[in-house]
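# Structural description and commentary
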Amino acid sequence: MPRPRPRFVRHLAACIVASTTLPWAAQAQETTAVSPPAASVPLVNDLESPFAFHGQTTYIWQRKPSFGAAYSGENSLTPNRAKSYSFTATFDLGLRLWKGAEFHLNPEVAQGVPFSDLHGMGGLTNGELAKTASTNPKIYRARAFIRQYWGMGGGEETLDADFNQFARTVDKQRVVLTAGNFGVIDVFDVNPYGSDPRTQFMNWSFMTHGSWDYPADSRGYNWGAAIEYIGDNWSARFGHFLQPQESNGRALDTRLFEHYGQMLELEKRYAIAGRPGQARLLLWRNKANMGAFNDAIAFGQANGVTPDVGDVRREHTKTGVGVALLQEVADGAGVFLRANWSDDKTETYAFTEIGRQVSGGGTLKGASWGRPNDELGMAVAVNMLGSSHRSYLAAGGLGAFLGDGALRYGPEQVFEIYYSIAVWKTLSLSPDFQYVRNPGYNRDRGPAKFIGIRAHAEF
């Protein structure tokens, strides 16, 4: 791989060229869904202009030392020393429409090389790497959506200008509709203390509820609609989105009411010792043409072949639930805790192979040591599988990301720590370390370690 700096410059130049040609008709979007970066500074005053222009670019480089493995399979994380990188650049072109409405278009360019073709773990190490990662830069449309606000009283509050958001004054009690092409986790399970791999934790375990197989194309984006009610101390959100035509595919199934993903999120806001906090309950339901693990095992035994979910696909529904707690604990410091469960009876269809999960962590700004724009983050996750999923992998079956050929099951345990250094107002550098015990839920492999550096710029 060439040295990062010249590659970074070439990619940034390519992105600028891409923005001038405005590839509206290109494909859907990369990064696993990823929350847009915070604190962007618009080139125009959003309070006066009908237009907004924001941008970001992120380069992540990671190195994995070799580790011990009793055996490896087709979808294993390679035990050999390896390296990985990703690059993305995104523009937000915003337009104010009628009263309370705005439109956003996000052209994006992305490229990268994942570890082991993005196989071998439930908690993959870089949320910027999509399942369609390529060594050649790909330019596509990331988002194209309308957002409408309807005020319902209760006083006023000001929303700051941000990526995919105009500065505006809104009622504290309001209804918000977001419709079009965007990411499900742009709206649901938004976590200010760790969801964004462009600026915070990189591991997929911390992007959202790990067992939530949230509907998306292979770049992490989708078409659909989300309606929100935001009240004084509580909120409710409901969404209905397309599913991929096939497991982890790029093309989406447009049969919106036949194959779909639905989610309902309830949020309660409160204060402890004067510090704000949130408690959330998320329920989800996915309906698609999926293979069930027990069906695949039975088919394999009856025909004397290795089980394969591709042989037994039919209509199935996958359900799950997640609980999240977010709490500010000091000025510039906050923590989060997630616990989530899915039935885990069918193949992973859009996100990653995690059936149940408990995760937690937090972030701390550097004001106490004289670096107010720096940030330290630390988090842990315990990823687990359901019994039928374990049996399928132990019998040699391959999943979307997993398949060591055998399995001595153990929960996958992920630890990550990063330190974000504010080089100047619009640029940060973040050394990152990840430790994964039982990668791919296999006690016969690992532990695996990952050392990385991230460069992130935004305007």
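Sequence positions are assigned chain by chain, starting from 1 and proceeding in written order. For this predicted model, a pLDDT threshold of at least 70 governs which residues receive local features, and a threshold of 80 or more governs which side-chain atom pairs are given and counted, while totals over whole chains, interfaces and linings are taken from all residues. Working from all heavy atoms in the structure, the side-chain values ignore hydrogens and water.

## Considering the confidence of the model for the chain
Per-residue confidence for the chain averages 89 on the pLDDT scale, and 89% of its residues sit at or above 70. One number per residue, pLDDT, summarises how confident the predictor is, and it ranges from 0 to 100. Any two residues whose heavy atoms approach within 4.5 Å at even a single point are treated as in contact. Within the model, the stretch residues 1-47 combines pLDDT values under 50 with 146 contacts to residues more than four positions away or in other chains.

## Focus: helix α3 (residues 387-394)
The buried label goes to any residue with under 20% of its type's maximum accessible area, the exposed label to any with over 50%, and the partly exposed label to all in between, with areas taken from a 1.4 Å probe on protein chains only. Secondary structure elements are defined from DSSP: runs of H or I of at least 4 residues count as helices, runs of E of at least 2 residues count as strands, and each element is numbered from the N terminus. Among the residues making up α3, those that are buried are Ser388, His389, Tyr392 and Leu393. One side of α3 holds all its buried residues, which, seen down the axis, span an arc of 135°. Contact partners of the buried residues in α3: α2 (293-303). Following α3 by one or two positions, Gly396 adopts a phi angle in the positive range, close to 100°. For this quantity, the arc is that covered by the directions from the helix axis to the C-beta atoms.

## Re the pairing of strand β12 (residues 275-291)
Where strand β11 (residues 260-272) and β12 come together, 13 bridges link them in antiparallel fashion. Directly across from Gln262, in β12, lies its bridge partner Arg285. Only strands joined by at least two bridges in the DSSP assignment are considered to pair. Between β11 and the antiparallel strand that follows it, β12, lie two residues; Ala273 among them carries a positive phi value of about 55°. Looking at chain direction, β12 and strand β13 (residues 313-330) are connected through 15 bridges and run antiparallel. Bridging across to β13, Trp284 finds its partner in Gly320.

## Considering α2
Considered for burial, the residues of α2 that qualify are Phe293, Ala296, Ile297 and Gly300. Considered in projection along α2, the buried side chains sweep an arc of 100° and stay on one side of the axis. Elements that come into contact with the buried residues of α2 comprise β12 and α3. In the segment just after α2, Gly304 is the residue with positive phi, at about 65°.

## Some remarks on a nonpolar patch on the surface
Residues qualify for a patch when their relative accessible area is over 30% and they have no salt bridge, like charges being joined within 9 Å and the nonpolar side chains of Val, Leu, Ile, Met, Phe, Trp and Tyr within 5 Å. Using a 1.4 Å probe, the Shrake-Rupley method yields the accessible areas, and only the shown protein chains count as cover for residues. Salt bridges, as used here, are contacts in which a Lys or Arg side-chain nitrogen is within 4 Å of a carboxyl oxygen on Asp or Glu. A grouping of Trp150, Ile227, Phe238, Leu264, Leu266, Leu281, Leu283, Val323, Leu325, Leu337, Val358 and Val382 is seen on the molecular surface, where their side chains present a nonpolar patch of about 920 Å² in accessible area. Mapped onto the nonpolar patch, the elements with two or more residues apiece are β11, β12 and β13. Within the secondary structure, Leu266 is located in strand β11.

## Section: the pairing of strand β15 (residues 356-366)
Of the strand pairs in this sheet, strand β14 (residues 333-342) and β15 are connected by nine bridges, and their pairing is antiparallel. By the bridge assignment, Arg338 is partnered in β15 with Ser359. Both β15 and strand β16 (residues 371-384) contribute to a ladder of eleven bridges, which runs antiparallel. Bridge pairing in β16 links Arg356 to Met384.

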